[in-house]
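Each chain is listed here by its residues.
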Amino acid sequence: MALVCLHGPLRELAGGRATQQVSGADVQTVLRGLEDLHPSVCGWILDERGTIRRHINVFVNGERGGEGTSVSAGDRLEVLPAITGGT
Amino acid sequence: MTELLVGSKKGLIVLEGDPGAGEPFAVRCRAFPGEPVDFAMRDPASRRILATVTSPFYGPKIWFADDPAGEWTQAEGVALPEGSEEALERIWVIVAGDGGSLYAGGDPGVLFESRDGGQSWELNRALRQRRVDEDWQPGGGGLCLHSIVPWPGEPDRLSLAVSAAGVWHTDDHGETWSQGNRGILARYLPEEAREGSSQLCVHRMERAARRPERMFIQFHGGVYRSDDAGRSWSAIGEGLPSDFGFPLTTDPSDPDSAYVIPLRGDFDRVMPDGQVRVYETRDGGASWTPRGEGLPDHQAYLTVLRRAFDRAGEGEGLQLYFGATSGDVFGSGDAGESWFTAASRLPPVFSVTATA
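Conventions we followed
Residues numbered from 1 in each chain as written. Chains lettered and ligands numbered in written order. Predicted model: local features only at pLDDT ≥ 70, side-chain atom pairs only at ≥ 80, totals over all residues. Helix = DSSP H or I, 4+ residues; strand = E, 2+ residues; numbered from the N terminus. Rg over C-alpha atoms; globule rule 2.2 N^0.38 Å. Buried ≥ 20, exposed ≤ 12 C-beta atoms within 10 Å, placed from the backbone. Contact = placed C-beta atoms within 7 Å. Pairing = 2+ DSSP bridges. Axes fitted to C-alpha atoms, helices over the stretch in contact; angles between N-to-C directions. pLDDT = per-residue confidence, 0-100. Core = buried A, V, L, I, M, F, W, Y, C linked by C-beta atoms within 7 Å.

Undergrad: Describe the overall build of chain A, listing the residues and the values that go with them.
TA: Regarding its fold elements, chain A presents two helices and five strands. Going from N to C terminus, chain A has its helices and strands arranged as β-α-β-α-β-β-β. Taking 87 residues into account, the globule formula puts the C-alpha radius of gyration at 12 Å, and chain A, at 12 Å, falls close to it. By principal-axis analysis of the C-alpha atoms, chain A measures approximately 35 × 25 × 25 Å. Considering chain A as a whole, with its 87 residues, one finds that 31% of them fall into the buried category.

This is the structure:
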């Protein structure tokens, strides 16, 4: 299980919990697992293609990752809005 | 009292006022602060407000509320099928159909229908398949389905306009779709490529309420009228300072009426001569009259986007409202004879809808 850390509206959509334990071998699978746990999250992080939205950053143990980045038990995933998104 | 729902780059701004007073409207509330609100409308059936919000972080969503100052709920089903090769980019417009449905149009050229007052939406798969099978080209604002035009009294008939994929019609409630582009001249294409091209950048389309087979479009260079339900089109832009612009509206009581807001051209999308002017026709486009009393008449280089012009009422009491990317909103309570400033110093205005 990885520890997924959520902020802002994502935290609200996930039942108000700042952290969630979610299983999965890569970032996309973990995020899909998060959607299964909290269907309200669907469409907010991953789009219809399964791609992380352009102005969302996912960090795995402090390093920026992509959909295919490997995840191991105990890893920490931070899901954060990017600084590029607001104009 | 008239209500204006102003979609802006930084939230939904709800204005209220009396157009007869000629005074700025009051800001009743601001919702979705900091977020781009592309469009908002009050459903005439349920009185519920629906807003389309494209968060730069979290993607496009439709929200609804009975009270815009209260709680908003996210609608369901506003997405392409999972595993699509492209993603939903934006919802441009929501329109009430004639049979109780609501329709939403968006980028990439998609149509959604809601049969429960906007709580849940279903993608029109027949139109989606046309987009998948055919090479639709996006305009500068994306592949936007921005105009949805019901046929009064016939809920299965609907017309759409897509930038830049032209005009589409259905007579069977969206089971099948056909194009209606004959006569539209795309001056931005080489002459040899114009005939039969579907790369048609319609900016806004409307139907004459009392003569449904009559329709108008503001094109990317050209204003057109159709008298055969949008199958073929005739240019009616002569007499305008420019036939380029984005929005268009009509007086529901008069099938010969249309209002446009010309911009200099696609090379310079501001009002000609620094003068804010709305142009009105009452003879189906044979002639145009500038309407500018009360509007800025010098050093005003404004841009009005395609969904930022709306009306309420009809006839002599027709109210007209438009908002500019400068953050100004102007209104008329007498069918364009005179104008007043309804709001100023708002964020850039994306859309305006009016309910009297």
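Next comes the rest of the description.
Undergrad: Now, about the overall build of chain B: what can you tell me, with residues and values included?
TA: For chain B, the count of helices and strands is two helices and 28 strands. Computed over the C-alpha atoms, the radius of gyration of chain B is 19 Å, within 12% of the 21 Å expected from 2.2 N^0.38 for a compact globule of 356 residues. Over its C-alpha atoms, taken along the principal directions, chain B stretches across nearly 50 × 50 × 40 Å. For chain B, the proportion of its 356 residues judged to be buried stands at 51%. Residue pairs at least 24 apart in sequence account for 51% of intrachain contacts in chain B once pairs closer than 6 positions are excluded.

Undergrad: Explain unusual backbone geometry residue by residue, including any values.
TA: Comment: phi is negative for the bulk of residues other than glycine, and the bulk of peptide bonds are trans. Residues and elements named next belong to chain B. A cis amide bond, omega 15 degrees, links Asp107 with the succeeding residue Pro108. Look at the link from Ser163 to Ala164: it is a cis peptide, with omega at 10 degrees. The residue Ala164 is located in the loop between strand S13 (154-163) and strand S14 (166-170) in this model. Phi at Phe32 is positive, roughly 55 degrees, even though this residue is not glycine. In this fold, Phe32 is placed in the loop between strand S3 (26-31) and strand S4 (37-42). Although it is not a glycine, Ala335 adopts a positive phi angle of roughly 60 degrees. Along the polypeptide, Ala335 turns up in the loop between strand S26 (329-332) and strand S27 (340-343).

Undergrad: Tell me about the sheet that holds strand S22 (residues 278-281) of chain B, and please be specific about residues and values.
TA: Residues and elements named next belong to chain B. Spatially, the four strands line up as an open sheet ordered S20-S21-S22-S23, and their pairing is antiparallel. The sheet terminates laterally at strand S20 (244-249) and strand S23 (289-291), the two strands that pair on one side only. The average angle at which neighbouring strand axes cross in this sheet is 35 degrees, direction not considered. The sheet contact formed by S22 and S23 spans three bridges and is antiparallel.

Undergrad: Talk me through the confidence of the model for chain B; I want residue IDs and the actual numbers.
TA: Looking at chain B, pLDDT values average 96 and 100% of them are 70 or higher. As scored by the predictor, the complex reaches a pTM of 0.95 and an ipTM of 0.87.

Undergrad: Which residues make up the sheet that holds strand S2 (residues 19-22) of chain A, and what values go with them?
TA: Residue and element names in this part refer to chain A. The strand order across the open sheet built from five strands is S2-S1-S5-S3-S4, with neighbouring strands paired in mixed fashion. Of all the strands in the sheet, the pair left with one neighbour each is S2 and strand S4 (63-65). Taking the axes of each pair of neighbouring strands and ignoring which way they run, one obtains an average angle of 30 degrees across the sheet. Docked against the sheet, helix H2 (residues 27-37) engages strand S1 (2-5), S2, strand S3 (56-60), S4 and strand S5 (76-81), running at close to 110 degrees with respect to S2.

Undergrad: I'd like to hear about the nonpolar core, residue by residue, with values.
TA: Counting 103 residues, the largest nonpolar core has Leu4(B), Val329(B) and Val352(B) as its most contacted members. In this view, Val329(B) contacts Leu4(B), Val6(B), Tyr321(B), Gly323(B), Ala342(B), Ala343(B), Leu346(B), Val349(B) and Val352(B); residues no more than four positions away in its chain are not counted. Membership of the second largest hydrophobic core comes to 23 residues, among which are Val4(A), Leu6(A), Val22(A) and Val27(A).

Undergrad: Now, about the pairing of strand S25 (residues 319-323) of chain B: what can you tell me, with residues and values included?
TA: Residues and elements named next belong to chain B. Within S25, five of the five residues are buried, which leaves it mostly tucked inside the rest of the structure. Here S25 shows no split at all, with Gln319, Tyr321 and Gly323 on one side and Leu320 and Phe322 on the other all buried. The sheet contact formed by strand S24 (residues 309-312) and S25 spans four bridges and is antiparallel. Residue pairing in the sheet places Asp310 in a bridge with Tyr321 of S25. Hairpin remark: S24 followed by S25, antiparallel, with six residues in the connecting loop; positive phi at Gly313, about 75 degrees. Inspection of the sheet shows S25 paired to S26 by four bridges, in the antiparallel sense. Directly across from Leu320, in S26, lies its bridge partner Ser332. The hairpin turn running from S25 into S26, its antiparallel successor, is five residues long, and Gly327 in that turn takes a positive phi close to 95 degrees.

Undergrad: How would you summarise H2(A) if you had to cite specific residues and measurements?
TA: All of the buried residues in H2(A) are Val27(A), Gln28(A), Val30(A), Leu31(A), Arg32(A) and Leu34(A). On its buried face, H2(A) sits against S1, S2, S3, S4 and S5 of chain A.

Undergrad: Would you mind going over the environment of Tyr224(B) in detail, with residue names and values included?
TA: Residue and element names in this part refer to chain B. Among the secondary structure elements, Tyr224 is positioned in strand S18 (residues 223-226). Sequence spacing of Tyr224 and Ile261 is 37 residues, and the spatial spacing of their C-alpha atoms is 14 Å. Ignoring anything within four residues of it in the chain, the contact list for Tyr224 reads Ile184, Phe216, Ile217, Phe219, Trp233, Ser234, Ala235 and Ile236.

Undergrad: Can you tell me about the pairing of strand S6 (residues 59-65) of chain B, naming the residues and giving the values?
TA: All names here are of chain B. The buried count for S6 comes to six of seven residues, which makes it a mostly enclosed element. As judged from the seven bridges shared by strand S5 (residues 49-55) and S6, these two strands associate in the antiparallel manner. Residue pairing across strands places Val53 opposite Lys61, the latter belonging to S6. From the end of S5 to the start of S6, which pair antiparallel, there are three residues. Pairing of S6 with strand S7 (residues 73-74), which is carried by two bridges, proceeds in the antiparallel orientation. The residue bridging Phe64 from the neighbouring strand is Thr73, located in S7.

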